[in-house]
Amino acid sequence: MKKILDKLRSGKDISREELIYIYKNINDSDLEELMNMANKIRLENYGNKVFARGLVEISSFCTKDCKYCGINILNKDAKRFRLSLEDIIDSCKKGYRLGFRSFVLQGGEDPYFTDDMIIEIVKAIKSELENVAVTLSIGEKTYESYEAFYRAGVDRFLLRHETINKKLFEEIHETASYDNRINALYNLKEIGYAVGAGFMVGIPGQSYEDLADDILFLKKLNPEMVGLGPFLPHKETVYKSEEKGNLRETLISLALVRILIPDVLLPATTALSTLDKNGRKLGFDAGANVIMPNLSPKDNIEKYSLYNDKLNTGIESADNIQAIENSMEAMGYVISKERGDNIRRKICL
Ligand code: 5AD
């Protein structure tokens, strides 16, 4: 283990076998060492800043059948909502007044929102709010649609690959195409977006080999952002009785991503905070440097239920940004609500 950790520290390429070895054999003091290494790299690249993005959940309707997700099309009991164009823009304006300069519009794959509607929303946000970054997280679209959104002013796109194991991907998404998902990520890159990929830790049927492959895939893709968190079961899905993802494996994954993609923007996810009451702090200590507090109108937040007990108040709500800032400061971090571009991009505030 010491040899592998030294290799990581020296910036040398790490093999699949070595990654698997880490996941299988790491003990508490090795994990501490790995997290310290990641933390140091985060400090060198972004200091002790944690970037806050205002999250607006625009729709809980979805045509996809992702077995793990509480808002999948098969869940007839899911409470569905979609925001009006005005509500979406107003949520961003509320965020702007709270100081946010980076917004993430996230939703299920909901055909109600045509490309033209998305473009109208983005243009309104970009013209009414000065110097803000807009991120979309609305799933797989055609190359042409991605291009049109980019031309309308979208800066970033989040599309987790979920797992790089094709067989496992097809197991957890009965009808979705693996190739389509991976191609979409390369399309987004080619068009010019700052891209976010990522995976869940502890999906039923996932092995350490799979996690190692996820890490290697991310290193190869070299995205500007990575979203990764533990799988958490949702009571109205076929995975309702499956085990939660594991905290240590999530922390190992965060630290490895930070070490192998030093300039990555890496959220401490809501799923991680839901899994463990110290999850957020541990995530930062493992190299994470982004949070995504929720700006959505209150009565819809509960309906955006991807997994059981999803936190939606306190530290996850943008209304409490002052409390969030205070608690971050107590942990030794400083919140930045600016655009927070990846440092490899020109515009960096
Ligand atoms: N547990 C953890 N993460 C989940 N996601 C969806 N459902 C779950 C779940 N049950 C994640 C997926 C998706 C992101 C928006 O939320 O990785 O890409």
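Structural notes, computed from the coordinates.

Conventions we followed
- Residues numbered from 1 in each chain as written.
- Predicted model: local features only at pLDDT ≥ 70, side-chain atom pairs only at ≥ 80, totals over all residues.
- Heavy atoms only, no water.
- Helix = DSSP H or I, 4+ residues; strand = E, 2+ residues; numbered from the N terminus.
- Buried < 20%, exposed > 50% of the residue type's maximum accessible area, 1.4 Å probe, protein only.
- Contact = heavy atoms within 4.5 Å.
- Areas by Shrake-Rupley, 256 points an atom, 1.4 Å probe, with all protein chains shown as cover.
- Lys, Arg positive; Asp, Glu negative; His and termini not counted.
- Charge placed at Lys NZ, Arg CZ, Asp CG, Glu CD.
- Pairing = 2+ DSSP bridges.
- Near = heavy atom within 4 Å.
- Polar contact = N/O pair within 3.5 Å; in protein donor to acceptor, adjacent residues only side chain to side chain.
- Nonpolar A, V, L, I, M, F, W, Y, C, P; charged D, E, K, R; others polar.
- Phe/Tyr/Trp six-rings, centres within 6.5 Å; stacked < 30°, edge-to-face > 60°.
- Lys NZ or Arg CZ within 6 Å of the ring centre and 35° of its normal.

**So, the overall build of the protein chain**
Part 1 of the argument: Assigned secondary structure in the protein chain consists of 14 helices and 11 strands.
Part 2 of the argument: Taking the principal axes of the C-alpha coordinates as reference, the protein chain spans close to 55 × 40 × 40 Å.
Part 3 of the argument: Counting all 349 residues of the protein chain, 60% fall into the buried class.
Part 4 of the argument: Considering only residue pairs separated by 6 or more positions, the protein chain has 75% of its internal contacts joining residues 24 or more positions apart.
Part 5 of the argument: Accessible surface, the protein chain as shown: approximately 14,500 Å² in total, 49% of it carbon and sulfur.
Part 6 of the argument: Side chains of the protein chain give 49 positive and 53 negative charges; the mean places of these two sets differ by 3 Å.

**Focus on the pairing of strand 6 (residues 194-197)**
Part 1 of the argument: Where burial is concerned, the two faces of strand 6 agree: the one with Ala 194 and Gly 196 and the one with Val 195 and Ala 197 are both buried.
Part 2 of the argument: Alignment of strand 5 (residues 156-158) against strand 6, held across 3 bridges, turns out to be parallel. Bridge pairing in strand 6 links Phe 157 to Val 195.
Part 3 of the argument: As paired elements, strand 6 and strand 8 (residues 225-226) share 2 bridges and run parallel to each other. What sits directly across from Ala 197, in strand 8, is Val 226.

**What to know about the site of the ligand**
Part 1 of the argument: As a matter of local geometry, the ligand sits amid Tyr 68, Cys 69, Gln 106, Arg 160, Glu 162, Met 200, Pro 230, Phe 231, Leu 232, Leu 306 and Tyr 307.
Part 2 of the argument: Within the backbone of Tyr 68, a nitrogen or oxygen atom sits 2.9 Å from a nitrogen atom of the ligand.
Part 3 of the argument: Taken together, the residues that form the shell around the ligand break down as 8 nonpolar, 1 polar and 2 charged.

**Regarding the packing of aromatic side chains**
Part 1 of the argument: Under the defined criterion, the tally for this structure stands at 11 aromatic pairs.
Part 2 of the argument: In this structure an aromatic cluster arises from ring pairing among Tyr 146, Tyr 150, Phe 157 and Tyr 193.
Part 3 of the argument: Taking NZ or CZ as reference, Arg 82 lies 4.0 Å from the ring centre of Phe 61, over its face.
Part 4 of the argument: The ring of Tyr 96 carries Arg 101 above its face, with NZ or CZ at 3.5 Å from the centroid.

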